[in-house]
Amino acid sequence: MNQSDLNQEKIVITGGPSTGKTSLILGLEEAGHHCFHEVIRLMTLEAKSQGEITDFSTNPIALVSDPMNFNRRILQARVEHFQEASTIEKATIFFDRGLPDVLAYMDYFGQDYGAEFIEAMETNRYDTVFLLPVWEAIYVSDNERFESYDEALAIHDHLWDAYTRFGYQVIEVPKDTIANRVQFISKKLKL
């Protein structure tokens, strides 16, 4: 652990599909913050190109030929982001989704996970978690987002449960403009 890690805050921005999460992360970057981007969209595109996903009707976690391996890869990528953050000379680092998101989605799809997943949650702890509520007015499905609006609501509940189960106090971000959401988070963090 380097000296900067002692004072560094690791902040998760999470939420189900269609919450404005990606737009908020981009807004935080524009405000000068370092942000780690979501890994699953890139992994989904990779799985599609390799023919691992042929049915595009639901989340790739439920469609890939080896869901456990896919989840391990997501988990590992998020652990790598978490560890890399300690090498960045910034007091506050934002993450587009955190490690408990992996368990939330696995719970949603009824997938089992072992001790390696639990250990990763306990070893890599964030300082603050912001959860964005599903927002029907901005709901859109696309080539990497397969969930229906009702599924998005259920995923939101699983996210809340996963983070609180690991002792996080979850702060819900109000539905608002990107600028106002950035300001809300900045005030909460006293940035």
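The shown structure was predicted, so the numbers you read here are calculated from the model rather than taken from an experiment.

About the cut-offs
Residues numbered from 1 in each chain as written. Predicted model: local features only at pLDDT ≥ 70, side-chain atom pairs only at ≥ 80, totals over all residues. Heavy atoms only, no water. Core = buried A, V, L, I, M, F, W, Y, C linked by side-chain atoms within 4.5 Å. Buried < 20%, exposed > 50% of the residue type's maximum accessible area, 1.4 Å probe, protein only. Helix = DSSP H or I, 4+ residues; strand = E, 2+ residues; numbered from the N terminus. Contact = heavy atoms within 4.5 Å. Pairing = 2+ DSSP bridges. Axes fitted to C-alpha atoms, helices over the stretch in contact; angles between N-to-C directions. Phe/Tyr/Trp six-rings, centres within 6.5 Å; stacked < 30°, edge-to-face > 60°. Lys NZ or Arg CZ within 6 Å of the ring centre and 35° of its normal. Parallel < 35°, antiparallel > 145°, perpendicular 65-115°, else oblique. Left-handed = near helix turned anticlockwise from the far one by under 90°. Nonpolar A, V, L, I, M, F, W, Y, C, P; charged D, E, K, R; others polar.

Caption draft 1: Fine view of the nonpolar core. In this structure, Leu75 and Tyr126 are the most contacted members of the largest nonpolar core, which totals 33 residues. Of the residues forming this core, the biggest block, seven residues, is contributed by helix α5 (residues 67–85). If sequence neighbours within four positions are ignored, leucine 75 has contacts with Leu99, Val102, Glu116, Phe117, Ala120 and Met121. In terms of nonpolar packing, the next biggest core, distinct from the first, is built from 13 residues, Phe94, Leu132, Ile185 and Leu189 among them.

Caption draft 2: A look at the sheet that holds strand β2 (residues 34–36). The sheet built from five strands is open, its strands ordered β2-β3-β1-β4-β5 with parallel pairing. At either margin of the open sheet sits one strand with a lone partner, and together these are β2 and β5 (170–172). Sheet twist, expressed as the average angle between the axes of neighbouring strands with direction ignored, equals 25°. Running over the sheet, helix α9 (residues 178–189) touches β1 (9–15), β3 (92–96), β4 (128–132) and β5 and is turned about 155° from β4.

Caption draft 3: Inspection of the packing of aromatic side chains at higher detail. In the structure shown here, the tally under the stated rule is nine aromatic pairs. An angle of 75° between the planes, with centres 6.5 Å apart, marks the rings of phenylalanine 130 and phenylalanine 184 as edge-to-face. Pair noted here: phenylalanine 130 is in strand β4 and phenylalanine 184 is in helix α9, with a separation of 54 residues, a long-range link. Judged by its relative accessible area of 23%, phenylalanine 184 is partly exposed. Put simply, the rings of Phe36, Phe82, Phe95, Tyr126, Tyr163 and Tyr168 pair up and form one aromatic cluster. Here the guanidinium or amino end of arginine 125 rests over the ring plane of tyrosine 168, the centre of that ring lying 4.1 Å away.

Caption draft 4: View of the environment of glutamate 29. Along the chain, the position of glutamate 29 falls in helix α2 (residues 21–30). Separated by 153 residues in the primary sequence, glutamate 29 and valine 182 have C-alpha atoms spaced 9.9 Å apart. Not counting the four nearest positions on each side in its chain, glutamate 29 is found in contact with Cys35 and His37.

Caption draft 5: Local environment of the side chain of histidine 156. Turning to its location among the elements, histidine 156 is positioned in helix α8 (residues 149–165). Apart from the residues lying within four places of it in its own chain, the contact partners of histidine 156 are Leu131, Leu132, Pro133, Val134 and Glu172.

Caption draft 6: Spotlight on the pairing of β1. Burial within β1 is extensive, with six of its seven residues counted as buried. In this sheet, β3 lies alongside β1 in parallel orientation, the contact comprising five bridges. Looking at the pairing, lysine 10 lines up with isoleucine 93 of β3. In the sheet, β1 pairs with β4 via five bridges, with the strands oriented parallel. Bridge pairing in β4 links threonine 14 to leucine 131.

Caption draft 7: Broad picture of the packing of helix α6 (residues 99–108) against α8. Viewed as axis vectors pointing N to C, α6 and α8 meet at an angle of 130°, and their least axial separation amounts to 8 Å. Considering the angle they form, α6 stands oblique to α8. Here the hand of the crossing between α6 and α8 comes out right-handed. Where α6 abuts α8, its residues Leu99, Pro100, Asp101, Leu103, Ala104, Tyr105, Asp107 and Tyr108 lie against Glu151, Ala154, Ile155, His158, Leu159, Ala162, Tyr163 and Arg165. Considered class by class, the residues forming the contact of α6 with α8 number eleven nonpolar, one polar and four charged.

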